[in-house]
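A structural walkthrough
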Amino acid sequence: FDFKMLELPPKYRSGIGAVLAADASTYAMEITRKERALELAKTNPTVAKNLANNPHLVELSEEESISKIVLDNAFKNVAPLGENCLEYRGVMLKTNSPFYKQISELKKGDIYREPGYIWTSPNENYAHGRYSAVSLAEDIAEQASIRYHILLPKGSKMICVDRLNPETLIKGQFKVCDSIKDGNNIDLFVEHIPS
């Protein structure tokens, strides 16, 4: 992967606040948070009303808008995978959140879309270990860990973002292959659907 694909125009490379040497991936999480809120507003009247009254909550900053263009161009131009690979992702969700409800109701064969970009890793221990309910002390009863096991078939696209640990960005739709629940925790086995 050519990391120059993620470079921001010079004006934006100093980042936000103390973030130095920013590239487009620096803003991926904030872009994704806003895209998920917009998606949720389509089915949740409370969120829709809140965003209608507070549109600034989902408006992209100048840096985020530029980053989105850079990221989307990188996904268009990155070479597709030449073979299948596995990636992993871990998240903690409040059990009363709409996102947890969506994930917990997925069944084998379902197709769903993750708005924005999702961070993954080829290192299962790194991806899952950080988001294990047993490793967190706060409100464990209200939290659930979702451990994704993601098959990226040949032809999928991903962007490698080599930070302190191996991390990857992917986007798009997924097909559920299996979902295993252990209390509120979920191991989700999905296959990426190349676009």
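Predicted model, so just to flag it, every value in this text is computed and none were measured.

**So, the packing of aromatic side chains**
Taken as a whole and judged by the stated rule, the model has two aromatic pairs. Summarising the aromatic geometry, the rings of Phe75 and Tyr117 are spaced 6.1 Å apart at their centres and angled 5° between planes, so their arrangement reads as stacked. One end of the pair, Phe75, is in helix α3 (residues 62-77); the other, Tyr117, is in strand β2 (residues 111-120), and 42 residues separate them in sequence. On the basis of relative accessibility, which here comes to 8%, the residue Phe75 falls in the buried class. Relative to Phe174, the ring of Tyr112 lies with its centre 5.9 Å away and its plane at 35°, an arrangement referred to as tilted. A residue pair is termed long-range when its members are at least 10 positions apart, and Tyr112 in strand β2 and Phe174 in strand β5 (residues 166-182) qualify at 62 residues. Accessibility expressed as a relative area gives 6% for Tyr112, which makes it buried.

**As for the pattern of salt bridges**
Applying the stated criterion to the full structure yields 11 salt bridges. Between Glu35 and Lys68 there is a salt bridge, with the nearest N and O atoms lying 3.5 Å from each other. One end of the pair, Glu35, is in helix α1 (residues 28-41); the other, Lys68, is in helix α3, with 33 residues separating them in the sequence. Its relative accessible area of 22% is what places Glu35 among the partly exposed residues. Of the residues examined, Lys68 reaches a relative accessible area of 24% and is grouped as partly exposed. Between Asp72 and Lys68 there is a salt bridge; the shortest N-O distance is 2.9 Å. In this pair, Asp72 and Lys68 are both assigned in helix α3, four residues apart and thus about one turn of the helix distant. Within this structure, Glu35, Lys68, Asp72 and Lys171 form a network of salt bridges that share partners.

The rules behind the values
- Residues numbered from 1 in each chain as written.
- Predicted model: local features only at pLDDT ≥ 70, side-chain atom pairs only at ≥ 80, totals over all residues.
- Heavy atoms only, no water.
- Phe/Tyr/Trp six-rings, centres within 6.5 Å; stacked < 30°, edge-to-face > 60°.
- Helix = DSSP H or I, 4+ residues; strand = E, 2+ residues; numbered from the N terminus.
- Buried < 20%, exposed > 50% of the residue type's maximum accessible area, 1.4 Å probe, protein only.
- Salt bridge = Lys/Arg side-chain N within 4 Å of Asp/Glu carboxyl O.

By themselves, these figures tell us nothing about what the structure is for.
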